[in-house]
Amino acid sequence: MSRRSKTEFPLAPIERVIKETTNLLVSESAAKELRDVLTDIAEELALDAADLAKFANRKTIKDRDIALAYKNMRKSR
């Protein structure tokens, strides 16, 4: 995943999540790869949530839009 987004998540919290979840060390390249994956997922969720808000004739994305978009994403796996 080499596509770069305008927004990047900081590496430290990503490394911390990996370490706390797995109890293993994590390389910087692994943390960067996860950051790229998370960015892709966040962008996809944002677009899906925007579609839900537009369908509801709103200009504001609500937490329920994000939650439903995430639920739909998980279902489609």
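See the structure above.
First, a word on scope: everything that follows refers to the structure included in this document. It should be emphasised that the depicted structure is a prediction, and the values quoted were computed from it without experimental measurement.

Some details on the overall build of the protein chain
Counting its secondary structure elements, the protein chain contains three helices and zero strands. In terms of overall size, the protein chain is more extended than a compact globule, its C-alpha atoms giving a radius of gyration of 15 Å where 77 residues would be expected to give roughly 11 Å. The dimensions of the protein chain, computed from C-alpha atoms along their principal axes, are 45 × 25 × 20 Å. The proportion of buried residues among the 77 residues of the protein chain is 21%. Look at the contacts in the protein chain between residues 6 or more apart in sequence, and 44% of them connect residues 24 or more apart. Just so you have it, the protein chain exposes about 6200 Å², and 57% of that area is on carbon and sulfur atoms. Positive and negative side-chain charges of the protein chain, numbering 16 and 13 respectively, have mean locations separated by a distance of 6 Å.

Structural notes on the packing of helix 1 (residues 11-22) against helix 2 (residues 28-55)
One can describe the packing of helix 1 onto helix 2 by two numbers: an axis separation of 9 Å at closest approach and a directional angle of 105°. Viewed along their axes, helix 1 and helix 2 adopt a mutual orientation that is roughly perpendicular. Of helix 2, the residues touching helix 1 (which contributes Leu11, Ile14, Glu15 and Ile18) are Glu28, Ala31, Lys32, Leu34, Arg35 and Leu38. Looking at side-chain class alone, the contact of helix 1 with helix 2 contains six nonpolar, no polar and four charged residues.

Observations concerning helix 3 (residues 63-75)
Working note: α-helix, 3.6 residues per turn, so residues spaced by three or four point in the same direction. Taking 1.5 Å of rise per residue, 13 residues should cover 18 Å, and helix 3 covers 18 Å from first to last C-alpha, within 8% of that figure. Turning to helix 3, its buried residues are Asp65, Ala69 and Met73. Taken down its axis, helix 3 places every buried residue within 70° of arc, on the same side. The exposed set on the far side of helix 3, more than 90 degrees from its buried face, consists of Asp63, Arg64 and Lys75.

What to know about the packing of helix 2 against helix 3
Two numbers describe how helix 2 lies on helix 3: the axes approach to 8 Å, and their chain directions differ by 115°. As helix 2 runs across helix 3, the sense of the crossing is right-handed. Of the residues in helix 3, those touching helix 2 at Ile41, Glu44, Leu45, Asp48, Ala49, Leu52 and Ala53 are Asp65, Ile66, Leu68, Ala69, Tyr70 and Met73. Tallied by class, residues from the contact of helix 2 with helix 3 come to 10 nonpolar, no polar and three charged.

Rules used in this analysis
- Residues numbered from 1 in each chain as written.
- Predicted model: local features only at pLDDT ≥ 70, side-chain atom pairs only at ≥ 80, totals over all residues.
- Heavy atoms only, no water.
- Helix = DSSP H or I, 4+ residues; strand = E, 2+ residues; numbered from the N terminus.
- Rg over C-alpha atoms; globule rule 2.2 N^0.38 Å.
- Buried < 20%, exposed > 50% of the residue type's maximum accessible area, 1.4 Å probe, protein only.
- Contact = heavy atoms within 4.5 Å.
- Areas by Shrake-Rupley, 256 points an atom, 1.4 Å probe, with all protein chains shown as cover.
- Lys, Arg positive; Asp, Glu negative; His and termini not counted.
- Charge placed at Lys NZ, Arg CZ, Asp CG, Glu CD.
- Axes fitted to C-alpha atoms, helices over the stretch in contact; angles between N-to-C directions.
- Parallel < 35°, antiparallel > 145°, perpendicular 65-115°, else oblique.
- Nonpolar A, V, L, I, M, F, W, Y, C, P; charged D, E, K, R; others polar.
- Expected span 1.5 Å × (residues − 1).
- Arc of directions from axis to C-beta.
- Left-handed = near helix turned anticlockwise from the far one by under 90°.

By themselves, these figures tell us nothing about what the structure is for.
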